[in-house]
Amino acid sequence: MKKHKAVPPRFAKHLILFFLKDDLAEEVQGDLEEKFYVTCARKSHFRASVNYWYQVLHYMRPFAFKNSALLTLIHFGMFETYFKTGWRNILKYKAFSFINIFGLALAMSVCMLIMLMLNDQNSYDQFHKNKDRTFRVLSKIRKSASPNASSPVPLARTMVTDYTVAEAATHLLPGVGGDAVYGQRSVELRGYFADSSFFRVFSFDLENGDVSRALNTPNAMVISSEVASVLFQGEDPVGKRIEFSDRGLKLNRIDFGSEINSTPVDWGGFVISGVLDTKKFKSHLKFDVLLSAASLPALHKEGKVPDFSDNWERYSFGYTYVILMPGKTQEDLNASLKDVVARNYANVEHLKGLRLIPQNLNDITPGIFVGNPSSFQLPVEAYYFLGFLALAIMISACLNYTNLSVARAITRSKEIGVRKVSGAKRTNLMVQFLSESVINAFLALLMAGVLLILLKPAFMKLWVNQYLNFDLQGHGFIYLMFLAFALLIGLIAGIFPAFHLSKYSPVAALKNLGTERRGKLSIRKLLTVSQLVISLFFIVTSLLIAKQFRHFLEFQYGFNSHNIVNIPLQGNNVTVLSNELGSMPGVASISACEFIPATAMTNGTGVRKSGSENDYTSFEHLRVDENFIENLELTIVAGKNLQAYENGDRFILVNETASKRLGFSSASEAVGQILDVSAYSEPMVVIGVIKDFRFQTPVMEDQIGPLLFRNQPEQFNYLNVRVASDDLKSTLAGLEQKWKAVDPVHSFKYQFFDDQLVKVNQWMGDLVSIIGFIGFLAIIIACLGLLGMAMYTTERRTKEVGIRKVLGAADSSIVLLLSRGFLTLLLIAVLVSAPLTYFLNNLWLQTFPNRVEFGPGIMLTGCAILFTLGLLTIGSQTFRATRKNPVDSLKIE
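One numbering rule holds for all chains: residues counted from 1, following each sequence as written. It should be noted that, the model being predicted, local features are given only for residues of pLDDT at least 70 and side-chain atom pairs only at 80 or more, the latter also being counted only at that level, while totals for whole chains, interfaces and linings use all residues. For the side-chain quantities, the full set of heavy atoms in the structure was used; hydrogens and water were omitted.

1. A few points about the overall build of the chain
Move 1: Helix numbering and strand numbering both begin at the N terminus, where a helix is a DSSP run of H or I of at least 4 residues and a strand a DSSP run of E of at least 2. Broken down by element type, the chain carries 29 helices and 21 strands.
Move 2: Look at the contacts in the chain between residues 6 or more apart in sequence, and 82% of them connect residues 24 or more apart. Contacts between residues were defined by any pair of non-hydrogen atoms, one from each residue, lying within 4.5 Å.

Now the structure itself:
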């Protein structure tokens, strides 16, 4: 048999051998292993492991058990008794039961939310008939850490014509983004060029139109039902002709306000050949329109779209999908792709080491992080991170349950002794205690369901969700998963207490009068310290992330963004629109630019002194008009500003850093110098030097990099309107009226510059919310554990407290006596957690080029918060014990 690196879950294999009859166990194990390796090859190791566990649990039935004694453990009459006993114990120890159930519920609600998220993500692309045989081809160059989702344009055609591995292949070409006009109505469209194989590879159904012919002819267009309702308003769209002008709008973007809108290019008329309701299909492909790839030759000929149909060097341009022939495997596809690379890249020096990697359609969402994705999504690594946080909370809650259950061991020792003397076996007692734990877990599940209902709206309001579009609605399967999850948590949380409580000997248990030898608390101490260690980690991490986020929000960029409204041109003439809006009262000044600075947009170019043989220096490059410097209140330190554009202007501005990088000793020395700029065929002349300012977001760079400005109106995409009026509402209404006078087709869009600078860092705010919330839960669970332990300790020492008070002990000495052990645990937790917390937080903090200082202040603040919460929790019980009448305390039996 072929050797595999992946192996079935070992614990599941042991379960088979332990529970099942020997002859059946061998047969079942062989069958399951074979299925496991097949699933590994076709899907993933994770899915194979989950399926293996499912099959193992499916065989856990009475007819298959080897030991008849095991049948006694599943006798339903006994379970009824265990349930009654467990329910009575829950009611008897109400406070402890509530602490356990509420702690488990808090943790379970977070885990259930993540289960809903994963269920939502795993539901993508499941409607495709051939999903298990469909692969997207990724491209990866040697110097890149992660692959790109895109691949060369000729690849799809080559896989079908030159190889026998593919049944069908299709290539999606991005670059469709502009305005569709029908009569007096207009709408923005974003999508792909798609060939006639699109509907053969993907199982999208059309509401109107014929899938077999929808993309076969030139100038054919399939639109979404949303677009159809806007453009045609109830008319049958199929067969209607629309006019389309491309503006270079990107298909998938996070809208920070830096979208490139090129000058509109008329692509002519297109006939609607189909209507697709995209909301019915949960796919990683997001689009408004599909243009037939048969339209490309004419657009290539007219120079409106670049022709990469035979270009292998553009290795990352578009998206290739392949359906394998029946009987072919991923390894066969891998071999074919390696041959493609060998044939087309052997003599391409700068692309040596390039790899083409198949990715199954089922593994795209959620999937690994890839560059140039076809849609915005969280990579699977983010779910690992969220899962780690949820696991930490769940472990803390289980430790809490275990700790309090072990603490109750002395109280229940007589009960255990009586049951053992009456003939109960250890296995019976274990099942009883596990039953109590499972009952607690299912009660926690009910409470977690209520918490989840409250939690979901808050999660859906996170900024990032407008791009992820999570659908957190449950269904039958996920509810069964919740039940299984509660059962699992009940068993995990109760397994140690069950072993611990059931091992008591009858004589020792009956002789135990409520005392406990020193050293017996070591397990409880370890569990309590573990909870406090986790709590301190989350407290400090939350404080640090909040400080980093505040640093980003208060970041000083070096320009004045206050009261500036950025308005996308949407293809309009910059001069006409600027003059119209400038006539509006309340407008102080207007400038124009290619994209908005400090909004995560980059546009690099190479620069060197003219005639030099040195390598080009990488510069950021932004086109702006002559009013931009004054409008943003930037400072010119040498030379002069850009002038009004004239045909052929070759003047540029550079910043101080650029002047130094090019080797000039002063800013004034750089003025008048001639530079070669790789973005232009002609040399550029430095007309002035501007004072350094933060051109990029703080998360992208720490040191200010070199930058050049050039006045090039055909590249402008935004107007920057500085508003002087205090009545912003009426000013914006007036701007909208002016806009409509120039452009009655496009809607008026705008964003305040200050809001854009906040939005670009809003992902950090979501992280603060998530970490802070989970940290809050960890602290609550730890405090609940401390509260339960304090209640238990004061209850056990009630008589001791009464005696001490009768003998004259002061309240303060009794408080110290009862609290001393807990304070010691708090101190130990701080000593253990502080270095671990510092190390782990420095790992992620070092990834930020512009970061806050992680000094002792944050650590001391976190420790102070933990001590304060711990003292308040413990003090609530110790002070209560000191206020009791000693006579009443001494009466307690």
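2. Quick notes on the pairing of strand E6 (residues 241-246)
Move 1: With a 1.4 Å probe rolled over the protein chains alone, any residue whose accessible area is under 20% of its type maximum counts as buried; one over 50% counts as exposed, and the rest are partly exposed. Here E6 shows a buried face lined by Ile242, Phe244 and Asp246 and an unburied face lined by Arg241, Glu243 and Ser245.
Move 2: Relative to E6, strand E2 (residues 166-182) runs antiparallel, the two sharing four bridges. If you follow Val181 over to E6, its bridge partner there is Glu243.
Move 3: With six bridges joining them, E6 and strand E7 (residues 265-276) adopt antiparallel strand pairing. The criterion for strand pairing is that DSSP finds at least two bridges linking the strands in question.

3. Some points on the side chain of Asn655
Move 1: With respect to the helices and strands, Asn655 occurs in strand E16 (residues 651-655).
Move 2: With a relative accessible area of 1%, Asn655 lands in the buried category.
Move 3: In this structure the side chain of Asn655 is engaged in a polar contact, spanning 3.1 Å, whose partner is the backbone nitrogen of Leu707.
Move 4: With sequence-adjacent residues up to four places away left out, Asn655 is seen in contact with Val689, Ile690, Asp692, Ile704, Gly705, Pro706 and Leu707. In protein, a polar contact means a hydrogen-donor-capable atom and an acceptor-capable atom, both N or O and within 3.5 Å, with residues adjacent in sequence counting only if both atoms are side-chain atoms; elsewhere, any N or O pair within 3.5 Å suffices.

4. Examining the nonpolar core
Here is a general trend for soluble globular proteins: nonpolar side chains tend to be buried in one another's company.
Move 1: Leu104, Met108, Met117, Ile393, Met394, Phe482 and Phe538 are the most contacted members of the largest nonpolar core, which totals 58 residues.
Move 2: Counting residues per element, the ones that place at least two in this core are helix H6 (94-122), helix H12 (380-407), helix H14 (426-460), helix H15 (465-468), helix H16 (476-502), helix H18 (522-553) and helix H25 (762-796).
Move 3: With 14 residues, the top contributor of residues to this core is H6.
Move 4: Not counting the four nearest positions on each side in its chain, Met117 is found in contact with Tyr383, Leu386, Phe459, Phe470 and Leu472.
Move 5: One finds Leu544, Leu825, Val852 and Leu866 within the second-largest nonpolar core, a separate group that totals 33 residues. Definition of nonpolar core: a set of buried residues of the types Ala, Val, Leu, Ile, Met, Phe, Trp, Tyr and Cys, connected through side-chain atoms within 4.5 Å.

5. Some words on the packing of aromatic side chains
Move 1: Working definition: rings of Phe, Tyr and Trp (its six-membered ring) pair if their centres are within 6.5 Å, and the pair is stacked with planes under 30 degrees apart, edge-to-face with planes over 60 apart, and tilted otherwise. According to the stated counting rule, one finds 36 aromatic pairs in the structure shown.
Move 2: On the numbers, 5.2 Å between centres and 75 degrees between planes, the contact of Phe555 with Tyr557 is edge-to-face.
Move 3: Looking at Tyr557, the relative accessible area reads 7%, which means it is buried.
Move 4: An aromatic cluster of at least three residues, connected via ring pairs, comprises Phe127, Tyr192, Phe198, Phe199, Phe202, Phe204, Phe281, Phe287, Tyr319 and Tyr321.
Move 5: Between Arg608 and the ring centre of Tyr616, over which it is positioned, the NZ or CZ distance is 4.3 Å.
Move 6: Criterion for a charge above a ring: Arg CZ or Lys NZ at most 6 Å from the ring centre, at most 35 degrees from the ring normal. The positively charged end of Lys609 is found above the aromatic ring belonging to Phe664, 4.7 Å away from the centroid.

6. Concerning a negative patch on the surface
Move 1: Two joining distances apply to patches: 9 Å for like charges and 5 Å for nonpolar side chains (Val, Leu, Ile, Met, Phe, Trp, Tyr), and every residue must have over 30% relative accessible area and no salt bridge. What sets the accessible areas is the Shrake-Rupley method with a 1.4 Å probe; for residues, cover comes only from the shown protein chains. Think of a salt bridge as a Lys or Arg side-chain nitrogen and an Asp or Glu carboxyl oxygen that are within 4 Å of each other. Charged-residue counts in this description rest on Lys and Arg as positive and Asp and Glu as negative, His and the chain ends being excluded. Lysine's charge is taken at NZ, arginine's at CZ, aspartate's at CG and glutamate's at CD. Side chains of Asp23, Glu26, Glu27, Asp31 and Glu34 sit close together on the surface and give a patch of like negative charge.
Move 2: Mapped onto the secondary structure, Glu27 falls in helix H2 (residues 22-42).

7. A word on empty space enclosed by the protein
Move 1: Here a cavity denotes a set of grid points, spaced 1 Å apart and computed over the protein atoms alone, in which a 1.4 Å probe fits but from which it cannot get out, and a pocket denotes an open set meeting protein on both sides within 12 Å along at least five of seven lines; residues with an atom within 4 Å of a point are reported as lining. Grid points are joined across faces, edges and corners, and a volume is the space filled by probe spheres set on the points. Throughout the structure, instances matching the rule amount to two cavities of 30 Å³ or more.
Move 2: By volume, the second largest cavity amounts to about 30 Å³.
Move 3: In terms of lining, the second largest cavity is formed by Leu642, Gln643, Asp649, Phe651 and Asn711.
Move 4: In the scheme used here, Gly and all other residues not listed as nonpolar or charged are polar, with Ala, Val, Leu, Ile, Met, Phe, Trp, Tyr, Cys and Pro taken as nonpolar and Asp, Glu, Lys and Arg as charged. Tallied by class, the residues present in the lining of the second largest cavity amount to two nonpolar, two polar and one charged.

8. Some details on helix H1 (residues 10-19)
Move 1: Of the positions making up H1, those classed as buried are Ala12, Leu15 and Ile16. Here the buried residues of H1 occupy an arc of 100 degrees about the axis, which is enough to place them on one side. Away from the buried face of H1 by more than 90 degrees, exposed residues Arg10, Phe11, His14 and Phe18 are located.
Move 2: Here the buried face of H1 lies against H2 and helix H3 (45-58). The arc under discussion is defined with respect to the helix axis, by the directions toward the C-beta atoms.

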